[in-house]
Amino acid sequence: MTMKKIYILLLLFIGATLIGCDPMDDIHEQVNDQIDSEGALADKSIVLTEDDYGFLGLSFPNFNSEDDARLLIPDLLSERYPYYGKNSSINVIYDIYDPIRVKLYEVTSQDYSAIGLEEGYFTSSSQVYEALGEIFPQAESGDYVDLQYRTVAEEIPYEINAEDFDLIGEKLGSDYPDAAPSAAQYSNFDRREGRDAYWDNDMILEAINVVLEDNFEDVTNQIYNVSYAIYDGSAGTESMTVQFNGNEYVAFGGTSYQISASDFDEIGSEFAEKFPDPASNAADYSNFDRRDGRDTQWTDAMILEAVDFLLNQQFPNATDGSKFAVTYAVYTGSAGTEVINVVKTDGAYVIDSNASTATITTRNVYAYTNGSWGRPFTLDMEDYEAMGQSYPNFSNEDQALYRIGIYLGMQYPYAEEGDVTAVAYDLYSSGETSTEYVNYIFEDGEFNVVPSTRTASLQFGLNDEGVWVPDNTIRYTLTGNDFATIASALQDKYPDPVSSMLRYNNFDTRSDNGAYWSPDMILEATRIVLNNMAPNAEVGQKYVVTYAVYDGSNTTNSISLIKNEAGEWVINE
């Protein structure tokens, strides 16, 4: 111990005696800090405290980004450790503010092609997930993407209600002074030809435009199957399929039909003998299994056969030339839907080769959890009601996070330790409602919020100018196995030095000795170890390798190496 350190100890002891209490813990801490700060070479790890963040001028005990940490931490290290020397290394553990950030991404033509979709749109949710995997191969758990893409326009059903008929009466009253008031009064379209209140198909299409413009955003190419009450001498219903062409809603294609759960039951019964496994599965799960190679798989030809059977059942009076767009549920590893366009030809339904596929541009948010992409668990009105909310939103964030965590436990009773669930919910604040995203992780039997701050670490090294800089240096001490690796490579080249090294597990650095290891020989040996241990190390990776030596006494030395552009380990000056 130096005279300076003895003097420090003496002063601290006298101070402790004068104040008359037991300050030994403080004394030890101060002495250790003083001794530590004067070390020639540091290799340590520290955890930042609230005082450290305050010193850096941060209001919260965390950084906003890793870049901020890289920029600010060196000032703290210079203040706390002014006496450390070149090649000192400190691993700094700190907190970083890392809220959920939803990345906006628009799928490109190259992205569609990458998964074999040359037509440039998705036809199922499984294709969306596959594309996300290609676009974001380095995705981490909890990542979110707001994805804009083209997809087949699934038909949206809508039934014109009494309020809609009132709106029709108001908007079209001047154009159709008899028909419009009648529709508003009776909540139906009068289909009796020759009557003043008669509605023909073109008039009904106008009325549908009024209703859909009031109830939906105008999405180009989106398809709607609109049903409505009629009166043709007796009460009844009709429907019309329409599509928004960018300016207005126009009549679209053939008759739309959605295969229901009861339809799948009929398919299961009809094809029980011909396709026993697929038929049984379709009835049990109300979908067609589209997974290749499965016993329950439905091929395109099988689905067409099922559709032909079903349409003949449902529309026995349909004539040749009748067209249908049939939507049905599928399972491809995840739930989805498909659409098949058919036309009746010679009494049977065949693929309508002239049918154009309607596609729309849409946006949806996806989250990466538990190793795969999917839609967040999005709360609907029933969910909010189950959690005691009068409106389909929360007005208090803390309350929302608490209640959602409990609710997830009810929704996922078989969750396993470590499962992550992405959640989307609406928050009302300052007169506005916004969609918020939060991740939960299942731990110790309950769902807990994944915090918006996380712990990270950065290693800093002291350079020649006395400046702390982010450092990737790995510190490593040679072991007996490493000496054996060196011996295997250099036994024939340096027989006596290698023999001594193997016997004593050190390098003999006495220059007048037959077992002498020169600096160049030690560099050569160290390169052998690093090439064996880290063959794929990136350019710029640094190592400080410590090894045992004998120079008349047993001690250690270190060598600092860096991988250069040529892929060689060279001295890191």
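Just above, that's the structure.
Quick look at the overall build of the chain
Counting its secondary structure elements, the chain contains 17 helices and 27 strands. The C-alpha atoms of the chain give a radius of gyration of 37 Å, which is well past the 25 Å a tight globule of 573 residues would have. Considering only C-alpha atoms, the chain reaches an extent of 120 × 70 × 40 Å along its principal axes. Counting only residues that meet the buried cut, the chain has 40% of its 573 residues in that class. In the chain, 59% of the contacts between residues at least 6 apart in sequence involve partners at least 24 apart. Of the accessible surface of the chain, which amounts to about 31,500 Å², a share of 45% is contributed by carbon and sulfur atoms. On the chain, the mean spot of the 30 positive side-chain charges and the mean spot of the 96 negative ones are 9 Å from each other.

A short note on a nonpolar patch on the surface
Together, Tyr-402, Ile-406 and Met-410 line one region of the surface with nonpolar side chains, adding up to about 370 Å² of accessible area. Mapped onto the secondary structure, Ile-406 falls in helix 14 (residues 397-411).

What about unusual backbone geometry?
In the Ramachandran plot, Ser-187 falls in the positive-phi region, its phi being about 55° despite a non-glycine side chain. Relative to the assigned elements, Ser-187 resides in the loop between helix 8 (179-186) and strand 6 (189-190). With relative accessibility at 25%, the residue Ser-187 sits in the partly exposed group. Phi is positive for Asn-505, close to 55°, though the residue is something other than glycine.

Brief notes about the nonpolar core
Within soluble globular proteins, side chains that are nonpolar generally end up buried alongside one another. Ranked by internal contacts, the top residues of the largest apolar core, which has 28 residues, are Ile-160, Ile-168, Phe-189, Trp-199, Ile-208, Tyr-228 and Val-242. Sorting the residues of this core by element identifies helix 7 (162-171), helix 8, helix 9 (201-215), strand 7 (223-231) and strand 8 (235-244) as the ones contributing at least two each. For this core, the element with the most residues is helix 9, which contributes eight residues. Beyond its immediate chain neighbours, meaning those up to four positions away, Val-242 contacts Leu-205, Ile-208, Leu-212, Gln-222, Ile-223, Tyr-224, Val-226, Tyr-249, Val-250, Ala-251 and Phe-252.

So, the layout of surface pockets
Approximately 930 Å³ is the volume found for the second largest pocket. Surrounding the second largest pocket, 35 residues form its lining, Asp-98, Pro-99, Ile-100, Arg-101 and Gly-142 being those nearest its centre. Looking at the lining of the second largest pocket, the elements with two or more residues in it are strand 2 (89-97), strand 3 (102-106), strand 4 (143-152), helix 14, strand 18 (420-429), strand 19 (432-443) and strand 21 (453-462). Among the elements that line the lining of the second largest pocket, the one with the most residues is strand 19, at six residues. For the lining of the second largest pocket, the residue count by class is 19 nonpolar, eight polar and eight charged.

Notes on the sheet that holds strand 15 (residues 359-369)
Pairing in this open sheet of four strands is mixed, and the strands run 3-4-15-16 from one edge to the other. The strands lining the two open edges of the sheet, one partner per strand, are strand 3 and strand 16 (372-374). The average undirected angle you get between the axes of adjacent strands in this sheet is 35°. Across three bridges, strand 15 lies against strand 16 in antiparallel orientation. Of the residues in strand 16, the one forming a bridge with Thr-369 is Ser-372.

Observations concerning the packing of aromatic side chains
The full count for this structure, using the stated rule, is 40 aromatic pairs. Here the aromatic rings of Phe-324 and Tyr-349 are separated by 5.7 Å at their centres, their planes lie at 75°, and the arrangement is edge-to-face. Of the two residues, Phe-324 sits in strand 12 (residues 323-331) while Tyr-349 sits in strand 14 (residues 348-351), which places them 25 residues apart along the sequence. With respect to burial, Phe-324 and Tyr-349 carry one shared label: buried. Relative to Tyr-547, the ring of Phe-507 has its centre 5.4 Å away and its plane inclined at 70°; by these criteria the two rings are edge-to-face. Linking Phe-507 in strand 24 (residues 507-508) with Tyr-547 in strand 25 (residues 542-550), this pair joins segments that are 40 residues apart in sequence.

Looking at the packing of helix 10 (residues 261-270) against helix 12 (residues 300-314)
Helix 12 packs onto helix 10 with a crossing angle of 115° between their chain directions and a minimal axis gap of 10 Å. Two packed elements cross with a definite hand, and for helix 10 against helix 12 that hand is right-handed. Along the contact surface, helix 10 presents Asp-263, Glu-266, Ile-267 and Glu-270, while helix 12 presents Ala-306, Phe-309, Leu-310, Gln-313 and Gln-314. When its residues are assigned to classes, the contact of helix 10 with helix 12 shows four nonpolar, two polar and three charged.

Let's talk about helix 17 (residues 519-533)
The first and last C-alpha atoms of helix 17 sit 21 Å apart over 15 residues, in line with the 21 Å expected at 1.5 Å per residue. When helix 17 is considered as a whole, its buried residues turn out to be Met-521, Ile-522, Leu-523, Ala-525, Thr-526, Ile-528, Val-529 and Leu-530.

What counts as what
- Residues numbered from 1 in each chain as written.
- Predicted model: local features only at pLDDT ≥ 70, side-chain atom pairs only at ≥ 80, totals over all residues.
- Heavy atoms only, no water.
- Helix = DSSP H or I, 4+ residues; strand = E, 2+ residues; numbered from the N terminus.
- Rg over C-alpha atoms; globule rule 2.2 N^0.38 Å.
- Buried < 20%, exposed > 50% of the residue type's maximum accessible area, 1.4 Å probe, protein only.
- Contact = heavy atoms within 4.5 Å.
- Areas by Shrake-Rupley, 256 points an atom, 1.4 Å probe, with all protein chains shown as cover.
- Lys, Arg positive; Asp, Glu negative; His and termini not counted.
- Charge placed at Lys NZ, Arg CZ, Asp CG, Glu CD.
- Patch = residues over 30% accessible without salt bridge, like charges linked within 9 Å, V, L, I, M, F, W, Y side chains within 5 Å.
- Salt bridge = Lys/Arg side-chain N within 4 Å of Asp/Glu carboxyl O.
- Core = buried A, V, L, I, M, F, W, Y, C linked by side-chain atoms within 4.5 Å.
- 1 Å grid on protein atoms, 1.4 Å probe; cavity = no way out; pocket = protein on both sides within 12 Å on 5 of 7 lines; lining within 4 Å.
- Points joined across faces, edges and corners; volume = space filled by probe spheres on them.
- Nonpolar A, V, L, I, M, F, W, Y, C, P; charged D, E, K, R; others polar.
- Pairing = 2+ DSSP bridges.
- Axes fitted to C-alpha atoms, helices over the stretch in contact; angles between N-to-C directions.
- Phe/Tyr/Trp six-rings, centres within 6.5 Å; stacked < 30°, edge-to-face > 60°.
- Left-handed = near helix turned anticlockwise from the far one by under 90°.
- Expected span 1.5 Å × (residues − 1).

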